[in-house]
Amino acid sequence: MTAAGKAYLVHLFTATGAVLAMLAMLEAANGDWPMMFFWLVIAFLVDGIDGPLARKTHVKVNAPRIDGVLLDLIIDYLTYVFIPAFALFTSGLLPGWTGWFAIIIITFASALYFADARMKTADNSFSGFPGCWNMVVLVLFAIEPNFWFTLALITVLSVAMFLPIKFVHPVRTERWRSITLPMALAWTFFAGWAAWVSFDPQSWAHWGLVVTSIWLVCVGALQQLIYREKL
């Protein structure tokens, strides 16, 4: 197969994320949260794989007709932001006005963040919380905290999208990748496990989600603190 053919196959692989988003949305509309998160976890895996494949096949050179970055952002907004926000609102985790507040701040702030040209740092981390609401909402479904805690967490993370705080990319950020990448893979495993058992509160997957989530959220700021970095 030609180099161009391989590159366009990567674009096609990335585009499957849109199909997975639709499958997740259909499950969300039916209130089947475990299946919705199942499809979102698959989409998360696709998103983690297509980037390295795109760089390996040099899609910008060999398949320039399709903008892979734009394609990825469109799908990410659906799977990382829009569908999780819909699930959070319709699930009842945030009752009354708190649900409206959450979906407005999540979708509004994330739209601005995804269009920010300074989203990435020099070491391929993210400047500000990268809008991974699919991960946040899945953990909230698993542990079902008090709704005031949920509301506070969403507010803090929405503000953190625009603060000079680093959040690592598990694949592209080289520093501590030997720890962060396994943590991300473990999070994916625990997320799939939690969805598979319909968020059974007795499942050990919940503890795994909490531990891996804390690491993934805090490791970038920890690096800034240790190495005295500024964004």
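Look above for the structure.
Quick notes on the rules
Residues numbered from 1 in each chain as written. Predicted model: local features only at pLDDT ≥ 70, side-chain atom pairs only at ≥ 80, totals over all residues. Heavy atoms only, no water. 1 Å grid on protein atoms, 1.4 Å probe; cavity = no way out; pocket = protein on both sides within 12 Å on 5 of 7 lines; lining within 4 Å. Points joined across faces, edges and corners; volume = space filled by probe spheres on them. Helix = DSSP H or I, 4+ residues; strand = E, 2+ residues; numbered from the N terminus. Nonpolar A, V, L, I, M, F, W, Y, C, P; charged D, E, K, R; others polar. Phe/Tyr/Trp six-rings, centres within 6.5 Å; stacked < 30°, edge-to-face > 60°. Buried < 20%, exposed > 50% of the residue type's maximum accessible area, 1.4 Å probe, protein only. Axes fitted to C-alpha atoms, helices over the stretch in contact; angles between N-to-C directions. Left-handed = near helix turned anticlockwise from the far one by under 90°. Contact = heavy atoms within 4.5 Å. Salt bridge = Lys/Arg side-chain N within 4 Å of Asp/Glu carboxyl O.

Student: For this particular structure, what's the right way to read empty space enclosed by the protein?
Tutor: Rolled over the atoms, a probe with the dimensions of a water molecule shows which regions are left empty. Counted according to the given criterion, the structure contains two cavities of 30 Å³ or more. The volume enclosed by the largest cavity comes to roughly 60 Å³. As for the largest cavity, its lining consists of T14, G17, A43, V46, D47, D50, D72, I75, D76, T79 and Y80. Mapped by element, the contributors of at least two residues to the lining of the largest cavity are α1 (3-29), α2 (33-57) and α4 (68-91). When residues in the lining of the largest cavity are grouped by element, the largest group, five residues, is from α4. Split into classes, the residues belonging to the lining of the largest cavity amount to four nonpolar, three polar and four charged. Reported here for the second largest cavity is a volume of approximately 40 Å³. Lining the second largest cavity are F37, L40, V41, F44, N134, M135, L138 and W187. Counting residues per element, the lining of the second largest cavity draws most heavily on α2, which supplies four residues. Its residues placed into classes, the lining of the second largest cavity shows seven nonpolar, one polar and no charged.

Student: Please explain the packing of aromatic side chains as it appears in this structure.
Tutor: Note on aromatic pairs: each is described by the distance of the centres and the angle between the planes. Counted under the stated rule, the structure contains 20 aromatic pairs. Relative to F199, the ring of F37 lies with its centre 5.6 Å away and its plane at 85°, an arrangement referred to as edge-to-face. In this pair, F37 is assigned in helix α2 and F199 in the loop between α8 (177-196) and α9 (205-227), connecting sequence segments 162 residues apart. When its relative accessible area of 1% is taken as the criterion, F37 is described as buried. Taking relative accessible area as the criterion, F199 reaches 9% and is therefore assigned buried. Ring geometry for F129 and F167: centres 5.7 Å apart, planes at 70°, overall edge-to-face. Taken as a pair, F129 in the loop between β1 (126-127) and α6 (133-143) and F167 in strand β2 (residues 166-167) lie far apart in primary sequence, 38 residues in all. Residues F129 and F167 agree in their burial class; the two are buried. In this structure an aromatic cluster arises from ring pairing among W33, F37, F141 and F199.

Student: How do you make sense of the packing of α6 against α9 when you look at a structure like this?
Tutor: When two helices pack together, you describe them by how their axes are tilted relative to each other and by the distance separating the axes. Orientation of α6 relative to α9, taken along the N-to-C sense of each, is 145°, at an axis distance of 10 Å. Once α6 is placed against α9, the crossing between them reads as left-handed. Taking contact as the criterion, the partners of M135, L138, V139, A142 and I143 in α6 are, on α9, H206, L209, V210, S213 and L216. Per-class residue counts for the contact of α6 with α9 are eight nonpolar, two polar and no charged.

Student: I'm lost on the pattern of salt bridges in this one. Help?
Tutor: Once their charged atoms are close, side chains differing in charge can pair, the charge on each being opposite to the other. Scanning all chains against the criterion turns up two salt bridges. Ionic pairing is found between D116 and R118, a salt bridge with its closest N-O pair at 4.0 Å. When its relative accessible area of 27% is taken as the criterion, D116 is described as partly exposed. Note that D123 and K166 form a salt bridge whose closest N and O atoms lie 2.9 Å from each other. With a gap of 43 residues between them, D123 in the loop between α5 (97-114) and β1 and K166 in strand β2 connect regions that are remote in the sequence. D123 sits in the partly exposed class, given a relative accessible area of 27%. A relative accessible area of 1% places K166 in the buried class.

Student: Looking at this model, I keep getting lost on the environment of A109. Mind explaining?
Tutor: Note on placement: A109 falls in helix α5. In the structure, A109 is positioned 30 residues away from V139 in sequence and 20 Å away in space, judged by C-alpha atoms. Apart from residues lying up to four places away in sequence, A109 is in contact with S158, M161 and F162.

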